[in-house]
Amino acid sequence: MTAEWWQEGTFWLIAVGMVVSALRVVTTGNVVHAALYLVGTLLGAAAMFVLLFAEFIAWVQVLVYVGAIVVLMLFGLMLTRAPIGKGNLDNDQRLLAALCALALFGVTSWVMFEAFEGEEISFDRSIATTAENVGDVIFSTYVLPFEAVSVLLLAALVGAIVISRRDRG
Amino acid sequence: MPITYFLILSALLFSIGVYGVLARQNAVLILLSIELMLNAVNINLVAFAAQLGDAGVGGQVFALFVIAVAAAEVGVGLAIVILIFRNRQTVDVDDMSLMKW
Amino acid sequence: MVSSFLLLAQHGGETVPPAVPQDGFFTQFMWLVPLLPALSFVIILFFGKRFRHGGAAFGIAALGAGLLLSLIAFVELAAGNAAVEKAWTWFDFAGGDSLLLEFGMHYDFLAGVMFVVVTTISLLVHIYSTGYMHDDERYTIFFAFLSLFTASMLFMVIANNLIQLFVGWELVGICSYFLIGHWWEEKENSSAAIKAVITNRVGDVAFLFGIFVLFFAGHTFNIEVLNHMAEEGEIAATTLTIAALLLFGGAVSKSAQFPLYVWLPDAMAGPTPVSALIHAATMVVAGIYMIARMFLLFENAGAALDVVAIIASITMLLAAILALVQDDIKRVLAYSTISQLAYMTAALGVGAYTAGVFHLFTHAFFKALLFLGAGSLIHAVHSNNMSDMGGLKDHMPHTFKTFIIGSLGLAGIFPLAGFFSKDEIIGGALRSASDLGQVSAWFVLIAATITAFLTALYMTRACVKTFWGSYRGHGDPHESPASMVNPLWVLAIGTVTVGFIGFPVIGPFADWITVPGHEHHGFEPLYNLVLPIGATIVALAAIALGIQLFYRERWRVDLLSGPFAWLYRFPANKYYLDDLYLKGIVRPIQYPIARATYWTNQKAIDGLVNGAGIATVALSKPTYDILDQQVIDFAVNGAAGLTGFTGGMLRYVQSGNVQRYAAVLFAAIAAFVALFALT
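Draft legend 1. Fine view of the overall build of chain A. Along the backbone of chain A there are 6 helices and 0 strands. The secondary structure elements of chain A, listed N-terminal to C-terminal, are α-α-α-α-α-α. Every one of the 169 residues in chain A was classed for burial, and the buried ones make up 28%. Relative to all contacts within chain A whose residues are 6 or more apart in sequence, the contacts with residues 24 or more apart total 59%.

The following block contains the structure:
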């Protein structure tokens, strides 16, 4: 089943929004604005997920990324005396960075174009990728990586505390 | 919808994230750009998952794991940034060039 | 051996050879006789110092044994045993008998006589030396060299080939050098020794060339073979003459003939026993012996014998005149020796073989006696010069008596030994001149007669100056010890008795020593009575004149000034012969040639060597400066410098800026992706 016109239109709308937000993230002079623009990008990504039949991932994205990670970033900004107001936040190798990014974009897009030209995402589904199915798979096929990730999170937690605590005496 | 749309989008976001990592002075903003890159990857994964149909659940699981790892990474990264700030009163990466010649 | 004595006694001296001559028992072992003194030389050299009196006993023992053996073997020969020839091959170069070098012995009458003479005189000199050299600090080596000398002389006498003879010839020359220069602390003694060696060397060169000529003509060194070849006419006449003259050249130097006699008077610088042994009785007669040995060769060598006779005549006159003007008693005796050697040479020159050898035999006795007597005088007076002596007949009776006996023997007064031997020579000269028509024999005759006169004259002078008058020297002279006087008496007895061995007709000497193939001359009243009486008159007249001149000092002629001064000065300066040699030969070699050689060495040869050294140094400096310091070090230092430089450039990559690193990382990723995508 080919995409409906409104599906493609929605895609284009959200895509443009995302790209603009992303650009603003890396070019804005205000650190807090950068974080907020990132929120925009992340929400756009969530919308994309919904568009791609990954509702569970979309929700997790919103909850974890937007809710936790960006908040954490804001905390970090505050704790490290983020400069208030506009300023120059770029270093001297902007040109080199731009070139690098462009090169990378060029190469990857060209590769992917070559590989996946003309392939379509089918919107016909026989099996829905619901939360139930995802959970099913996590705890059966991918239980080991799941546990590993849990341990990782624990380690990260402990590590963060150890790194950032004040030395006593 | 041609999958290439999503792939290009993902590549674009990734490149923008690369630019951000390379061009920003503030350490926290670099971490922000890294999040951008990870997001691009997620979109890529989920797009492929959607294309693969029934077998594509693995893609979504992978995206889930990426999110979890990103969270862990941000936690530790910020802890480090805060520690650096505590010692140097700045998070400007240009000033942190002790390992120079 | 006893049977030989009995045979001798039965036939009263005349020998009757048995039907087949056998080899005598002792004559076969005559090669031991040179070996014994050689052994004693080695023993004295190595062990002499450990013995009391330096091992002189070894020398005396060796010579005593040698003398005994010589006498016994001679008796055997006389009793009719054959002459012995043995040989032992040393080197045989081309196989067969060409260039064969051998050690050999050839013992016949001539060798036998020489053996007796050498061993007797040597033994007496050894005994004498124990007294004369008693306080000498190099006593041991003196006796060692005496033994070596005797061994060499006997080695030479017994030789059966020319090479061995030459070896012995050279050995006695070297011993002469050592013994003349015994007191080498005085420069003149060592100079005299060198003069002796060099003068002898001149003659030795001629001798050696003579040997070579003979070898190339006859392809052998063996004396018997060569003599035989000469007699049979197998060698060309001119070759023979040349060879003979060259060999005579050797005799001229060794036996002190004109013009190479100049070394003998200076050789008196050695100790008197040495003069007695070497320069009176034994070494100087080596030349005479050699001519006697090779006589057949000389006989057939055309004019060679004439040359011999004439040179001998000149020598005997010159030497006798010189003896008349010497002050040193040893020099008188030295010139006398030269004169008497000329007698012997002249005898051989006119073909009076037996007479020459007989004179050699007798001369050994009285000349050795005179020298040892002179030694006794010198030992007492501590001076050689007759002007320091005088009136010694009362102080030294034994020396006086024996010396007079010796002088009379030398002058040729009946019945002493010299009478018989001199007489034979003059008779032989007359015979050759009148009967055989040899012209040179007339020269010999005249010279011999005049020399006989002069001999008696100078001996009278010597005796008068030494024993009569008043003592002109220092201190109190006394008679010498028994070790010195006893040999004098032995020799005096010898001088008296030995003459009778050569008594014409009845004396056995003529039977022993004859030229092979010549007949023995019988007793002829005209020759054998007139001549001896005439000779005796001449001698007595000379003695009378001498007494008048020197004792009574009548007819004194002022020799130093006056009209005849030059007559005195000419012989007094030894006819300026020494000066001729010195200025004409020695100095030109010594100064210009030596200087040229030195220049060549310093400039040319050293120049080459030094030049090589300087060139190497000069070459090494730029090599070091340029090649090593700049080129090679540049390469080595350059490599290190390049590494440093590159590192210096590359380190700027480490900017410390993490974002820079990240940028590079991403760029590399992009590149890799592109690369993988394309390939």
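The discussion continues.
Draft legend 2. Representation of the overall build of chain C in the model. In terms of helices and strands, chain C carries 25 helices and 2 strands. Split into buried and exposed, the 679 residues of chain C put 48% on the buried side. Taking as baseline every contact in chain C between residues at least 6 positions apart, the subset at least 24 positions apart corresponds to 81%.

Draft legend 3. Region of interest: the interface of chain B and chain A. With 62 residues of chain B at the contact, the number on the chain A side is 76 residues. Elements that contribute at least two residues to the side of chain B that touches chain A include exactly helix 1 (3–23), helix 2 (27–52) and helix 3 (57–88) of chain B. Among the elements that line the side of chain B that touches chain A, the one with the most residues is helix 3 of chain B, at 22 residues. Among the residues making up the side of chain B that touches chain A, the classes are represented as 46 nonpolar, 12 polar and 4 charged.

Draft legend 4. Looking closely at the environment of Ile-57 of chain A. Its place among the elements puts Ile-57 of chain A in helix 3 (residues 55–79). Judged by local crowding, Ile-57 of chain A falls into the buried class, with 30 C-beta atoms found within 10 Å. Each C-alpha atom, one on Ile-57 of chain A and one on Ala-131 of chain A, is 8.6 Å from the other, the two residues being 74 residues apart in sequence. Other than its neighbours up to four places away in sequence, Ile-57 of chain A contacts Phe-49 of chain A together with Val-46, Gln-60, Ala-63 and Leu-64 of chain B.

Draft legend 5. Main features of unusual backbone geometry. The step from Phe-258 of chain C to Pro-259 of chain C runs through a cis peptide bond, and the omega angle for that step is -5°. Turning to its location among the elements, Pro-259 of chain C is positioned in the loop between helix 9 (237–254) and helix 10 (263–266). For Arg-81 of chain A, which is not a glycine, the phi torsion comes out positive at approximately 50°. When you line up the elements, Arg-81 of chain A lands in the loop between helix 3 and helix 4 (94–116). Overall, the presence of 11 C-beta atoms within 10 Å leaves Arg-81 of chain A in the exposed class. Backbone geometry at Ala-256 of chain C places phi at a positive 55°, although glycine is not the residue there. Within the secondary structure, Ala-256 of chain C is located in the loop between helix 9 and helix 10.

Draft legend 6. Spatial organisation of the interface of chain C and chain A. Counting residues at the interface gives 9 residues for chain C, matched by 10 residues for chain A. A class-by-class count of the residues in the side of chain C that touches chain A yields 7 nonpolar, 1 polar and 1 charged.

Draft legend 7. Region of the structure containing helix 9 of chain C. Residue and element names in this part refer to chain C. Here helix 9 contains 18 residues, and its C-alpha end-to-end distance of 26 Å stays within 8% of the 26 Å for a straight helix at 1.5 Å per residue. Of all the 18 residues making up helix 9, 13 are buried; the element is thus mostly covered by neighbouring parts of the structure. Immediately downstream of helix 9, the backbone of Ala-256 shows phi near 55°, a positive value.

Draft legend 8. Quick peek at the packing of helix 9 of chain C against helix 14 (residues 304–323) of chain C. All names here are of chain C. With their axes 9 Å apart at the nearest point, helix 9 and helix 14 run at an angle of 25° to one another. Comparing the axis directions of helix 9 and helix 14 gives the class roughly parallel. Considering how the two elements wind past one another, helix 9 and helix 14 form a crossing that is right-handed. Within the contact between the two elements, helix 9 uses Thr-241, Ala-244, Leu-245, Phe-248 and Val-252 and helix 14 uses Ala-304, Val-307, Val-308 and Ile-311.

Draft legend 9. Region of the structure containing the packing of helix 4 of chain A against helix 1 of chain B. Viewed as axis vectors pointing N to C, helix 4 of chain A and helix 1 of chain B meet at an angle of 160°, and their least axial separation amounts to 8 Å. As the angle between them shows, helix 4 of chain A and helix 1 of chain B are arranged roughly antiparallel. With respect to the hand of their crossing, helix 4 of chain A and helix 1 of chain B are arranged in right-handed fashion. Taken together, the residues of helix 1 of chain B that come into contact with helix 4 of chain A (itself represented by Arg-94, Ala-97, Ala-98, Cys-100, Ala-101, Leu-104, Phe-105, Thr-108, Ser-109, Met-112, Phe-113 and Phe-116 of chain A) are Ile-3, Thr-4, Leu-7, Ile-8, Ala-11, Leu-12, Ser-15, Ile-16, Val-18, Tyr-19, Leu-22 and Ala-23 of chain B. For the contact of helix 4 of chain A with helix 1 of chain B, the residue count by class is 19 nonpolar, 4 polar and 1 charged.

Draft legend 10. Structural view of the environment of His-379 of chain C. All names here are of chain C. For His-379, the position within the fold is in helix 16 (residues 353–381). Classification of His-379 as partly exposed rests on a count of 19 C-beta atoms within 10 Å. Distance from His-379 to Tyr-132, taken between C-alpha atoms, is 7.3 Å for residues 247 residues apart in sequence.

Draft legend 11. Up close: helix 2 (residues 31–51) of chain A. Residues and elements named next belong to chain A. Taking 1.5 Å of rise per residue, 21 residues should cover 30 Å, and helix 2 covers 30 Å from first to last C-alpha, within 8% of that figure. Extensive coverage of helix 2 is indicated by the burial of 15 of its 21 residues. In the stretch just after helix 2, Phe-53 is the one whose phi turns positive, near 60°.

Draft legend 12. Expanded view of the nonpolar core. Membership of the largest hydrophobic core comes to 207 residues, with the highest contact counts inside it found for Ala-346, Ala-368, Val-444 and Ala-448 of chain C. Tallying contributions element by element places helix 16 of chain C first for this core, with 19 residues. When near neighbours in sequence (up to four residues on either side) are disregarded, Ala-346 of chain C contacts Ala-309, Ala-312, Ser-313, Met-316, Ile-425, Val-444 and Ala-448 of chain C. The next biggest cluster of nonpolar side chains, apart from the first, holds 86 residues, and it includes Ile-69 and Ala-82 of chain A together with Ala-40 and Val-61 of chain B.

Draft legend 13. Fine view of the confidence of the model for chain C. Residue and element names in this part refer to chain C. The share of residues in chain C with pLDDT of 70 or more is 88%, and the mean pLDDT across the chain is 82. Confidence, read as mean pLDDT per element, is least for helix 1 (residues 2–10) in chain C (49) and greatest for helix 6 (residues 162–180) (92). Scored below 50 in pLDDT, residues 1–5 makes 8 contacts in the model with residues more than four places away or belonging to other chains. Predicted confidence is poor over residues 10–19, with pLDDT under 50, and the contacts of this stretch with residues over four places away or in other chains come to 13 contacts. Here the predicted complex scores 0.61 on pTM and 0.90 on ipTM.

Parameters and conventions
- Residues numbered from 1 in each chain as written.
- Chains lettered and ligands numbered in written order.
- Predicted model: local features only at pLDDT ≥ 70, side-chain atom pairs only at ≥ 80, totals over all residues.
- Helix = DSSP H or I, 4+ residues; strand = E, 2+ residues; numbered from the N terminus.
- Buried ≥ 20, exposed ≤ 12 C-beta atoms within 10 Å, placed from the backbone.
- Contact = placed C-beta atoms within 7 Å.
- Nonpolar A, V, L, I, M, F, W, Y, C, P; charged D, E, K, R; others polar.
- Expected span 1.5 Å × (residues − 1).
- Axes fitted to C-alpha atoms, helices over the stretch in contact; angles between N-to-C directions.
- Parallel < 35°, antiparallel > 145°, perpendicular 65-115°, else oblique.
- Left-handed = near helix turned anticlockwise from the far one by under 90°.
- Core = buried A, V, L, I, M, F, W, Y, C linked by C-beta atoms within 7 Å.
- pLDDT = per-residue confidence, 0-100.

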